[in-house]
Amino acid sequence: MQQPLSFYKENQYMQFYLIDCQSGLMNLLIFEDNTVMLFDCNVTNTNEQEILSFLKYKIPKKFKAETNEYVQEIDVFVNSHRDLDHLRGLKKINEKFKIRSIWDSGQSGENTDNADYNYYMYLRRKLKEENPSNLFVPVPSNIKIKSIGNADIYCLAAEEDFRENYVNELRAQTKVQHTNSMVLLINYAGRKILLTGDSDWKSWKEKIVPNFKDKLIKYENTDILVASHHGSRSFFTDEANEHIDEDANPETTYLESIKLINPVVTLISCGNYEEYHHPNKEAMKLYKKWTSNEQVYTTKKLGTICAIINSSGSFTVVPNRFYTNDNKRNHQGFEIRGGKLENGELKTINSGDEINVKSSLKFSIYSWGDILNNSDNIFIYWEVSNGGILKDFEHQEIYYKSENEKIEKYKFERELSYVGTHLLRCRIVNSNKKFDETKIFVVKGI
């Protein structure tokens, strides 16, 4: 089985994952030196097995000389704030992958009377008792707070932004734990990842933008934005306001932040819309307006989302489902066959070939074992994940083949439009024969 980021790896790189954890937030970062950071946590009874399996597969093993064994550990757990959907299930995580240190916002949560909150506070105390350096409460600063694996990390917001005499005023207008949510900016190889927790309009209007405007616009774009509060309107306006409307609510609405962030890709962690109305529909329009090519993606639709940044500065975002999956049945299977149209003649291309941009490409399915027929219940999914680089770096489109395309379902056609590595995913499901395989065809545009 070949995993999605393996199609993009160079010798040195940084990995990022927005884990599908339903209505919560979990970001996994693996730095160039294999330091592991988990930003927030939301492990529930329904997603526990899937998330723990995912972490077991992704977290690198490190050799510990003192115990003569290989272990999988989380070097840093970052808690943006102590709301339940940002620390739920941490005990289950710590039992499987020992947490070595904690970065804490210093801000208490909305509900402090539950087992998950109490466990987090217990672990926080325990790590500090073992070594005071195991607990770190960042202070927002223009100076980087840490460098990990050639990545510089800046804190743009935390509790230190708002002093005690300001808390009563905040409670009247916002959720103080959201206003004081930790915000981290990570810069690696000239690319930026912005982790916003549940930070709200007030934090951005009164502290982050005034103090860190240069950090946000220095490289023109934030390459990957993890949207605040699961795509809630609270990033743009007070939640007491019925709509995001600067004219109606000028004092409690702020849109300048998204214009300055100007992301290439916006990622949103959310569950079913009916549960909390996330992402907010008006907020989605704003995110799409200010994100390159409207590249706004949710875990609800794509599942876990991966990203890789190479030390050369190339980066891409791809759903975790872009992997090869062969059921090892010699009597049944399929492959994707590709061709390039040249002077009216279709010439064979192989997965991984370098192909000139503007080429007309045609793909088809070759199958065996009668998995494609007119009698079984068969589903075929074609999906593209663009990985534009150089002048085309803003093209990170992810899309399915449209049902309106006239070409038959066993085929896929496109013009190669961008420089970079692009993945074509084909999944075939034949429920009658219990067949479910996924194959990836790699196209390298030059």
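Residues numbered from 1 in each chain as written. Predicted model: local features only at pLDDT ≥ 70, side-chain atom pairs only at ≥ 80, totals over all residues. Heavy atoms only, no water.

A.B. asks: Quick question: what am I supposed to make of the overall build of the protein here?
C.D. replies: Counting its secondary structure elements, the protein contains 10 helices and 30 strands. Viewed in the frame of its principal axes, the protein has a C-alpha envelope of about 75 × 60 × 40 Å. Counting over 446 residues, the protein shows a buried share of 57%. When the accessible surface of the protein is summed, it comes to about 20300 Å², and 43% of that surface belongs to carbon and sulfur atoms. With 58 positive and 63 negative side-chain charges, the protein shows a separation of 4 Å between the mean positions of the two kinds. (Helix = DSSP H or I, 4+ residues; strand = E, 2+ residues; numbered from the N terminus. Buried < 20%, exposed > 50% of the residue type's maximum accessible area, 1.4 Å probe, protein only. Areas by Shrake-Rupley, 256 points an atom, 1.4 Å probe, with all protein chains shown as cover. Lys, Arg positive; Asp, Glu negative; His and termini not counted. Charge placed at Lys NZ, Arg CZ, Asp CG, Glu CD.)

A.B. asks: Any chance you could explain the nonpolar core here in plain terms?
C.D. replies: For soluble globular proteins, nonpolar side chains are generally found buried alongside one another. Judged by nonpolar contacts, the single largest core of 41 residues is most densely connected at Met 26, Leu 28, Leu 55 and Ile 93. The element best represented in this core is helix 3 (residues 115-130), accounting for six residues. Once residues within four sequence positions are removed from consideration, Leu 28 is found in contact with Gln 15, Phe 16, Tyr 17, Ile 19, Val 36, Met 37, Leu 38, Phe 54, Leu 55, Lys 58 and Ile 59. Core analysis: the second largest hydrophobic core is formed by 37 residues, Ile 148, Ala 151, Met 182 and Tyr 188 among them. (Core = buried A, V, L, I, M, F, W, Y, C linked by side-chain atoms within 4.5 Å. Contact = heavy atoms within 4.5 Å.)

A.B. asks: Looking at this structure, I do not really get the pattern of salt bridges. What am I missing?
C.D. replies: Between side chains of opposite charge, a pair can form as their charged atoms come close. By the definition in use, this model includes 24 salt bridges. Close ionic contact of Lys 92 with Glu 48 constitutes a salt bridge, the shortest N to O distance being 3.1 Å. With Lys 92 in helix 2 (residues 90-96) and Glu 48 in helix 1 (residues 48-58), the pair connects residues that are 44 residues apart, well separated along the chain. The exposure class of Lys 92 is partly exposed, given its relative accessible area of 26%. Each of the salt bridges in this network shares a partner with another, and the network as a whole consists of Lys 64, Glu 66, Glu 73 and Arg 100. (Salt bridge = Lys/Arg side-chain N within 4 Å of Asp/Glu carboxyl O.)

A.B. asks: What am I meant to see in the confidence of the model for the protein here?
C.D. replies: Detailed conclusions should not be drawn from predicted coordinates in areas where pLDDT is low. Scored by pLDDT, the protein has a mean of 91; 95% of the residues are at 70 or more. For the stretch residues 161-174, pLDDT sits under 50, and the model shows 29 contacts to residues farther than four places along the chain or on other chains. (pLDDT = per-residue confidence, 0-100.)

A.B. asks: Teacher, can you tell me more about the side chain of Ser 269 here?
C.D. replies: Note on placement: Ser 269 falls in the loop between strand 18 (265-268) and helix 8 (273-276). Of note is the side chain of Ser 269, whose polar atom sits 2.6 Å from the backbone oxygen of Gly 24. In this structure Ser 269 touches Leu 18, Ile 19, Cys 21, Gln 22, Gly 24, Leu 25, His 230 and Thr 299, once residues within four positions along its chain are discounted. (Polar contact = N/O pair within 3.5 Å; in protein donor to acceptor, adjacent residues only side chain to side chain.)

A.B. asks: Mind showing me how you'd approach the side chain of Ser 199 here?
C.D. replies: As for its placement among the helices and strands, Ser 199 is situated in the loop between strand 16 (191-195) and helix 6 (201-217). There is a polar contact of 2.8 Å between the side chain of Ser 199 and the backbone oxygen of Thr 196. Engagement of the side chain of Ser 199 in a polar contact is seen with the side chain of Trp 204, the distance being 2.9 Å. In this view, Ser 199 contacts His 178, Ser 181, Val 183, Trp 204, Ser 228 and Phe 235; residues no more than four positions away in its chain are not counted.

A.B. asks: What is the right way to read the sheet that holds strand 28 (residues 411-415) from this model?
C.D. replies: The strands making up a sheet are joined through hydrogen bonds of the backbone, oriented either antiparallel or parallel. Taken in spatial order, the four strands of this open sheet run 23-22-25-28, and their pairing is antiparallel. A strand with exactly one partner marks an edge of an open sheet, and here the two such strands are strand 23 (345-349) and strand 28. Adjacent strand axes in the sheet meet at a mean angle of 30 degrees when their direction is disregarded. Bridge count for strand 25 (residues 360-368) against strand 28 is five bridges, and the pairing is antiparallel. Bridge pairing in strand 28 places Ser 364 opposite Lys 411. (Pairing = 2+ DSSP bridges. Axes fitted to C-alpha atoms, helices over the stretch in contact; angles between N-to-C directions.)

A.B. asks: Help me out: how do you make sense of helix 9 (residues 281-290) in this one?
C.D. replies: For an α-helix the count is 3.6 residues per turn, leaving residues at separations of three or four pointing the same way. Listing the buried residues of helix 9 in full gives Ala 283, Met 284, Leu 286 and Tyr 287. Around the axis of helix 9, the buried residues are gathered within 165 degrees of arc, so they sit on the same side. What points out from helix 9, more than 90 degrees from its buried face, is the exposed set Lys 281, Lys 285 and Lys 289. Buried residues belonging to helix 9 abut strand 17 (224-226), helix 7 (256-261), strand 18 and strand 19 (296-298). Where helix 9 starts, the residue carrying a side-chain oxygen 3.0 Å from the main-chain nitrogen of Glu 282 turns out to be Asn 280. (Arc of directions from axis to C-beta.)

A.B. asks: Help me understand unusual backbone geometry in this model?
C.D. replies: Of note in this structure, Asn 34 is not a glycine but carries a positive phi near 75 degrees. The topology assignment puts Asn 34 in the loop between strand 2 (27-30) and strand 3 (36-39). Asn 34 gets classed as partly exposed once you look at its relative accessible area, which sits at 34%. A positive phi angle is found at Lys 358, which is not glycine, with a value near 85 degrees. Note that Lys 358 resides in the loop between strand 24 (354-355) and strand 25.

A.B. asks: Which parts of the structure should I look at to understand the sheet that holds strand 19?
C.D. replies: Strand order in the open sheet formed by seven strands is 13-14-15-16-17-18-19, with mixed pairing between adjacent strands. Taken across any chain shown, the strands that pair with only one partner, and hence form the sheet edges, are strand 13 (146-148) and strand 19. Each strand of the sheet is rotated relative to its neighbour by a mean of 20 degrees, with strand direction disregarded. Inspection of the sheet shows strand 14 (residues 151-157) paired to strand 15 (residues 183-188) by six bridges, in the antiparallel sense. Paired with Tyr 154 across the strands is Leu 185, a residue of strand 15.

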